[in-house]
Structure formats: C-alpha cells, structure tokens
Amino acid sequence: MVASIRRHRTIRGPWAAAEARREMRGLVADALLAGKAVGEVTEADAMLVVSELVTNAVRHAGGGCSVDLTLRPDAMDIDVSDQSREPPHPRSPSPDGDGGYGWGIIARLTSELTVMCHGSGKTVHARIDLPR
C-alpha cells in the first residue's frame, strides 16, 4: 500500500481558490504516479471542498492562507490555515446569491470537519473518506 502523499502551498489573492484546486490536481497526479488512483467522484468532492475552504479564508480571514493536502490509504485530509481565530459561522443560504451554501456542502461531503484555533489563527480540517 502507498504511504501518505502530501502537498503544501501558501496562497493569497483573488486566484487563491484556483491555486488550491491546482494543488489538489497535483496531489491526485502524485497519487497516480505512486500507484494509487483517486476516483473521479472523490476528486470532484475534494476540489469543491478545498475551493470552498480557501474562498472562505480569503473572503473572511484577511486574504492569505496555507493549504495542506494529505492522501492517506483510507482518506484525503484537507487543512486550510489562516490568520483569524474567528471560527466559521454557518449561515442560512441566501436566495439572492450572497452565499451561505458552502459550509453545508462541505459538511455533507466530508466525514470529519473540525476547526482548531492556534496562536493567531485557525486551521479548518476536512476529511474525505476514500471508497474501499
């Protein structure tokens, strides 16, 4: 069985979510090279989760964040750290297009979703279980 595969990137600015998705594609490619294919549904779910978490960090926590991606034999871990200790506040979806859908979507796609405050910031951890 393949050991854990990891990628890390510090990102900021208006293209942060796109850069995070690029890192996720890199992780999936690294996994394939190591003999561990990630299914299309799992990859799509992970793309959406990392996009939402990074978008929230950029929008609500001052712009910059770091993304740590880890592919384990049984799960994919997505950690997004930013410089705000303020935890995410789930809110009701807004029919006028002002958001509110992301946290609920992330919660449905992940098997684990936690927020850990540390120093001057926080890390949002999301885990997506891999099919057996």
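Please refer to the structure higher up on the page.
None of these values were measured; they are calculated from a predicted model. (Residues numbered from 1 in each chain as written. Predicted model: local features only at pLDDT ≥ 70, side-chain atom pairs only at ≥ 80, totals over all residues. Heavy atoms only, no water.)

Moving on, we come to the overall build of the protein. Looking only at helices and strands, the protein features three helices and five strands. Traced from its N-terminal end to its C-terminal end, the protein shows the element sequence β-α-α-β-β-α-β-β. For the protein, the proportion of its 132 residues judged to be buried stands at 40%. The long-range share in the protein, meaning contacts at least 24 apart out of those at least 6 apart in sequence, stands at 63%. Surface accessibility of the protein: about 7,300 Å² in total, with carbon and sulfur atoms responsible for 53%. Side-chain charges in the protein split into 16 positive and 17 negative, and the spacing between the mean points of these groups amounts to 3 Å. (Helix = DSSP H or I, 4+ residues; strand = E, 2+ residues; numbered from the N terminus. Buried < 20%, exposed > 50% of the residue type's maximum accessible area, 1.4 Å probe, protein only. Contact = heavy atoms within 4.5 Å. Areas by Shrake-Rupley, 256 points an atom, 1.4 Å probe, with all protein chains shown as cover. Lys, Arg positive; Asp, Glu negative; His and termini not counted. Charge placed at Lys NZ, Arg CZ, Asp CG, Glu CD.)

A few words on the layout of surface pockets. By volume, the largest pocket amounts to about 530 Å³. For the largest pocket, the lining is made up of 26 residues, of which Asn 56, His 60, Pro 88, His 89 and Trp 103 are closest to its centre. Per-element tally for the lining of the largest pocket: the top contributor is helix H2 (residues 40-60), with eight residues. Of the residues contributing to the lining of the largest pocket, the split by class is ten nonpolar, ten polar and six charged. (1 Å grid on protein atoms, 1.4 Å probe; cavity = no way out; pocket = protein on both sides within 12 Å on 5 of 7 lines; lining within 4 Å. Points joined across faces, edges and corners; volume = space filled by probe spheres on them. Nonpolar A, V, L, I, M, F, W, Y, C, P; charged D, E, K, R; others polar.)

This brings us to the nonpolar core. Taken as a class, soluble globular proteins show a tendency for nonpolar side chains to be buried jointly. The biggest cluster of nonpolar side chains holds 28 residues, and the ones touching the most others in it are Met 24, Val 54 and Ile 78. When contributions to this core are tallied by element, the ones reaching two or more residues are strand E1 (5-11), helix H1 (16-33), H2, strand E2 (65-71), strand E3 (75-82) and strand E5 (121-129). Take this core: its biggest share by element is seven residues, from H2. Excluding residues that lie within four positions of it along the chain, Ile 78 makes contacts with Met 24, Ala 46, Val 49, Val 50, Leu 53, Asp 68, Leu 69, Val 124, His 125, Ala 126 and Ile 128. (Core = buried A, V, L, I, M, F, W, Y, C linked by side-chain atoms within 4.5 Å.)

This brings us to the side chain of Glu 19. Mapped onto the secondary structure, Glu 19 falls in helix H1. When residues no more than four places from it in sequence are discounted, the contact partners of Glu 19 are Arg 9, Ile 11 and Arg 12.

What links the strands of a sheet is backbone hydrogen bonding, and the strands pair in either a parallel or an antiparallel sense. Taken in spatial order, the five strands of this open sheet run E1-E2-E3-E5-E4, and their pairing is antiparallel. Both outer strands of the open sheet, E1 and strand E4 (112-118), are each paired with one neighbouring strand and no more. Sheet twist, expressed as the mean angle between neighbouring strand axes with direction ignored, is 15 degrees. Where E1 and E2 come together, seven bridges link them in antiparallel fashion. Within E2, the residue paired with His 8 across the bridge is Asp 68. The strands that H1 touches are E1, E2 and E3; relative to E1, the one it contacts most, it runs at about 165 degrees. Lying over the sheet, H2 contacts E1, E2, E3 and E5, oriented at roughly 10 degrees with respect to E3. (Pairing = 2+ DSSP bridges. Axes fitted to C-alpha atoms, helices over the stretch in contact; angles between N-to-C directions.)

This part takes up the pairing of E5. With seven of nine residues buried, E5 lies mostly within the body of the structure. Strand direction decides the pairing type here: E4 and E5, joined by seven bridges, are antiparallel. Bridge pairing links Cys 117 to Lys 122 in E5. In this antiparallel pair of consecutive strands, E4 and E5, the connection spans two residues, and Gly 119 shows a positive phi of 45 degrees.

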